[in-house]
Number of protein chains: 2
Amino acid sequence: MITGKNYIGNQLSATGDKIFKTFNPLLNIENDWDITEASKNEVNQAVQLASEAFKTYSKISGARKATFLREIANEIEALGDALLQVYSSESGLPNGRAMGERGRTLGQLRAFANHVEEGNWVDASIDTAQPEREPIPKVDLRKMNIALGPVVVFGASNFPLAFSTAGGDTAAALAAGCPVIVKSHPMHAGTGEMVASAVIKAAEKTGMPNGVFSNLNSSGIEVGQTLVQHPKVKAVGFTGSIKGGRALYDLAAKRDEPIPVFAEMGSINPVVLLPKALNNRADAIAKTYAGSITLGSGQFCTNPGLIIGIKSQGLTRFVNTLAEDIVKIEPSCMLHPNIAGAYETNKENALAQSGLKVLAGYENSVEPNYARQVVTTVEGDTFLNNPTLHHEVFGPFSLVVQCENKAQLESIISKLEGQLTGTIISDENEISEYSNVVNTLQNRVGRIIFNGVPTGVEVCPSMQHGGPYPASTDSRFTAVGVDSIKRWVRPFSYQDWPNELLPDELKNENPLGISRLVNNVKTTAKI
Amino acid sequence: MITGKNYIGNQLSATGDKIFKTFNPLLNIENDWDITEASKNEVNQAVQLASEAFKTYSKISGARKATFLREIANEIEALGDALLQVYSSESGLPNGRAMGERGRTLGQLRAFANHVEEGNWVDASIDTAQPEREPIPKVDLRKMNIALGPVVVFGASNFPLAFSTAGGDTAAALAAGCPVIVKSHPMHAGTGEMVASAVIKAAEKTGMPNGVFSNLNSSGIEVGQTLVQHPKVKAVGFTGSIKGGRALYDLAAKRDEPIPVFAEMGSINPVVLLPKALNNRADAIAKTYAGSITLGSGQFCTNPGLIIGIKSQGLTRFVNTLAEDIVKIEPSCMLHPNIAGAYETNKENALAQSGLKVLAGYENSVEPNYARQVVTTVEGDTFLNNPTLHHEVFGPFSLVVQCENKAQLESIISKLEGQLTGTIISDENEISEYSNVVNTLQNRVGRIIFNGVPTGVEVCPSMQHGGPYPASTDSRFTAVGVDSIKRWVRPFSYQDWPNELLPDELKNENPLGISRLVNNVKTTAKI
């Protein structure tokens, strides 16, 4: 079922000589199938095909793109349990998670189908001519969003379906009218190939141009580097580490023609515990956070890696309950031995920092590649003075900072780097006494949460997933939700263009019936 | 009237020891007033003040920002003729242009005032909670655009009012809720100080925080570099050369925390002349273009520097009429001896290219700093093989490329770099035979024009001013029109946030009465 080949457009191809295997972390053995890394020639072919496909694909109707996106979802569903099995054998993630993530992936594809079928997303705007205007006549101007060009999507290690081959970035780019070249994640290349086969089938069934989608395998960094530097690639989507995302951003910025890289990277997702909330319900909060810290072995971008409170009996109770509860949770398998290994290294590096104390850690022996959760604590001034403690430890690890007072809490928040999320745990009326903390936190995050946990990223129009650097490379965009389409489009104006040659979105008759800004008034009316 | 000092917030300051003068190119003498370059300390003070001001200014209402923006317009008007005189003495531009550009500047400020007063620009989006949803409850999410942080604006040499101190970039950033630090253009620092005094007066009258605006003088590159590298600066706006814009982009990309630089840079604004149009009205087209090429001494970003046609009797007639007409136009003064000097150098460099022929040039002697227009011609294959001919010659210079056939025309278009505009001169029904040309051109420009000239950038919602690199550093944004506010904002989500603590834009009651996306439906209704 898995050939290990690359999809160069609709052709399976494996002309390269670099072979690798994926790994089953649960069984701690390599998976059977061989994967062939894309050769430089295959990379160039894929980009060339994408560039050709762009000429037609960028112009097809929203209705046809919707048909394509829905067919991708159907074809992924048609892969059935076989996909879920490969998914689990390449990630160690349980069947329930596989089903949930597949559901999310299908939901994203269908949400984008609805979005482009409805069509308002192009932000059509029309200013009609005023030939009699003095001193100079006013021209007719009509603007809408158009596709940027071929987009490269890097698969994410921690979301083999929802942020990889046909995940959020791909769905958004295809919806925008951009062909996609996926740099498949080496840890789940088999899953990637299966999903890619579904995309290719859907493209063929719905008459999309060859090259609208390619899927390239790679075990190292060369394929990705070649893609990002290719002159015909016009944008990049990435989900992963700060180091990886920054390297791609730097490569793209150094091109003769720099291109946008939207990288969703690291975050420690600070959680601020306010005193009254701690006083009234420290135990309940601690139990909730024990669950959030260990969810999915702590392998979510929104994992709460930093919890901050002011010293009090309440905070002590929180710390004690967290310590008690976290060790009751059964450890789970991480995605790959390399990720489990990095967790161990980063954890040990953190634990070696002066002043860091272990509150509790799971101490029983575990199977290979399982992550043993640890919660730690540190004084406020120690945290302030040691930048190493601000780094993400990817996995079920969290640090509780115990501040001396409100001023120190404010100072810590003001020195945090950019984050995907910030959370305030507060009793009613309490938060108004901490408006400085809230305001400062807001300037460092993309989403702020009241009395909740940062894990669980709802896919809906009002979600912002992205934040000030290094949470992402451009805080002006989101990686989740239909607005993520904005990463892959640019506004384009037609001046005095003949009505019959305008795209349907901008024609006088408004044949698509979309909402448009006409002479500064929103309307679905004809002109 | 002109002190030559910097505005560090509302304080005039001149602690530096670098003094320079502006230049009157018409009289070919230095202007009287001394300008003091901002010291490193003053730069840091301005950024620090902006960063403090951001805490409150980013949160004030659209109505209050509108009052501020309108008051800036009023205070600029109140400067009266004195401003226009300084403008002309620092730019050589005539009084009519000064009045026109002032009108445009006031219009921009007032358009942004209306835009933020109306309030829909924040793109408010609300997804209400579904506590009973299975398998997990849906949280309440509310999203809107918020200000990025302090913005640095570089004054443009060619628009001392409309794209400098209180020009489009500044108006957009202030409207967004971002404090602005202007790096004043050295060629019109006196004009800049006068406008800055108007902004400061307006800020004081309308109760804006000190630091919401600063104006820094500089004659070299150090002030700009320090600003772009300052950790508290969060975005940059620039209008000018590719070299200058790219240098700032590179600096910003290399920061520990990279920040967005929106640079609107060079463009040769290709114009394609189709055969039937040439056959029917070559003379009229030539006369129109003689005017467009020489408008404002060719110192507009949208100056048509490249005209492309297929060899024919019509093209020959166009070329001959253009040659006849262009020399009838009286040369005018350029902005500065340096710009006039660069024009001469670049022109001579172009003329030295093998195969380039001069069609016509103004040959009479002119006053110092006046630009003598030149139109040139070249064969299609010569143009294709010499990248130097693709470079902008800033000034009244244009190159007519005479192609052998349609295929060569297509080939030339496909090899052009990114441009602000592209123009098609066509007879009715003719353009449909050139859909490849049109499609290829569209992929290289931000605005496409039918039977017009690229000069004349209407300020309206449907204008796109910005295009693929190197026309601008990020084609996903415009530098002109109210949508240019999007450069300075980021989406921000509130999750389960208490209604009374939400910004007005997202409260259940919708107190501002703005249009919002509520559970996927656009409405002004309450929740």
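Residues numbered from 1 in each chain as written. Chains lettered and ligands numbered in written order. Predicted model: local features only at pLDDT ≥ 70, side-chain atom pairs only at ≥ 80, totals over all residues. Heavy atoms only, no water.

- Labelled according to an unreviewed UniProt entry, chain A appears under the name Aldehyde dehydrogenase (NADP(+)), originating from Hwangdonia seohaensis.

1. As for helix α4 (residues 95-118) of chain B
For an α-helix the count is 3.6 residues per turn, leaving residues at separations of three or four pointing the same way.
Stage number 1. In this model, α4(B) (24 residues) spans 34 Å end to end at C-alpha, consistent with the 34 Å of a helix rising 1.5 Å per residue.
Stage number 2. For α4(B), the full list of buried residues reads B:R97, B:A98, B:E101, B:R102, B:T105, B:L106, B:Q108, B:L109, B:F112, B:A113, B:H115 and B:V116. (Helix = DSSP H or I, 4+ residues; strand = E, 2+ residues; numbered from the N terminus. Expected span 1.5 Å × (residues − 1). Buried < 20%, exposed > 50% of the residue type's maximum accessible area, 1.4 Å probe, protein only.)

2. Remarks on the interface of chain B and chain A
Stage number 1. Listed by partner, the interface residues are 65 residues for chain B and 65 residues for chain A.
Stage number 2. Overall, the association of chain B and chain A removes approximately 5700 Å² of surface from exposure, summing both partners, and the carbon and sulfur fraction of that is 53%.
Stage number 3. It is B:S462, B:R476 and B:W497 in chain B that bury the most area against chain A; as a group they hold 13% of the surface buried on that side.
Stage number 4. Applying the counting rule to chain B against chain A returns eight salt bridges.
Stage number 5. For B:K486, the salt bridge goes to A:D123, with nearest N and O atoms at 3.9 Å.
Stage number 6. Where chain B touches chain A, the interface holds 43 residue pairs in polar contact (both at pLDDT 80 or more).
Stage number 7. Taken together, the elements giving at least two residues each to the side of chain B that touches chain A come down to β5 (125-127), β6 (141-147), α8 (242-254), α14 (435-442), β20 (445-450) and β21 (489-495) of chain B.
Stage number 8. Examining the composition of the side of chain B that touches chain A, we find that seven residues originate from one element, β21(B), more than from any other.
Stage number 9. When the residues that make up the side of chain B that touches chain A are grouped by side-chain class, the tally is 31 nonpolar, eleven polar and 23 charged.
Stage number 10. In terms of strand pairing, strand β21 (residues 489-495) of chain A meets β20(B) through three bridges, oriented parallel. For A:Y494, the partnering residue across the bridge sits in β20(B) and is B:I448. (Contact = heavy atoms within 4.5 Å. Buried area = accessible area lost by both parts, 1.4 Å probe. Salt bridge = Lys/Arg side-chain N within 4 Å of Asp/Glu carboxyl O. Polar contact = N/O pair within 3.5 Å; in protein donor to acceptor, adjacent residues only side chain to side chain. Nonpolar A, V, L, I, M, F, W, Y, C, P; charged D, E, K, R; others polar. Pairing = 2+ DSSP bridges.)

3. Structural notes on the relation of the copies chain B and chain A
Stage number 1. The two copies are related by a screw operation: chain B maps onto chain A through 180° of rotation and 0.0 Å of translation along the axis, at an RMSD of 0.0 Å. Classification of the inter-copy transformation places it as that of a two-fold axis. Minimal C-alpha distance to the rotation axis in chain B is attained by B:A253, lying at 3.3 Å.
Stage number 2. Comparing interface residues between copies, 100% of those in chain B also lie at the interface in chain A; the contact surface is shared. (Least-squares fit on C-alpha atoms with pLDDT ≥ 70 in both.)

4. Comments concerning the sheet that holds strand β18 (residues 397-403) of chain A
Stage number 1. Reading across the sheet, the twelve strands line up as β15(A)-β17(A)-β18(A)-β13(A)-β12(A)-β19(A)-β20(A)-β21(B)-β6(B)-β5(B)-β22(B)-β23(B) and stay open at both edges, with mixed pairing between neighbours. Taken across any chain shown, the strands that pair with only one partner, and hence form the sheet edges, are β15 (357-361) of chain A together with β23 (521-523) of chain B. Mean inter-strand twist for the sheet, computed between neighbouring axes without regard to direction, equals 25°.
Stage number 2. Bridge count between strand β12 (residues 270-273) of chain A and strand β19 (residues 419-425) of chain A: three bridges; the pairing is parallel. When the bridges of β19(A) are listed, A:V272 appears paired with A:I424. (Axes fitted to C-alpha atoms, helices over the stretch in contact; angles between N-to-C directions.)

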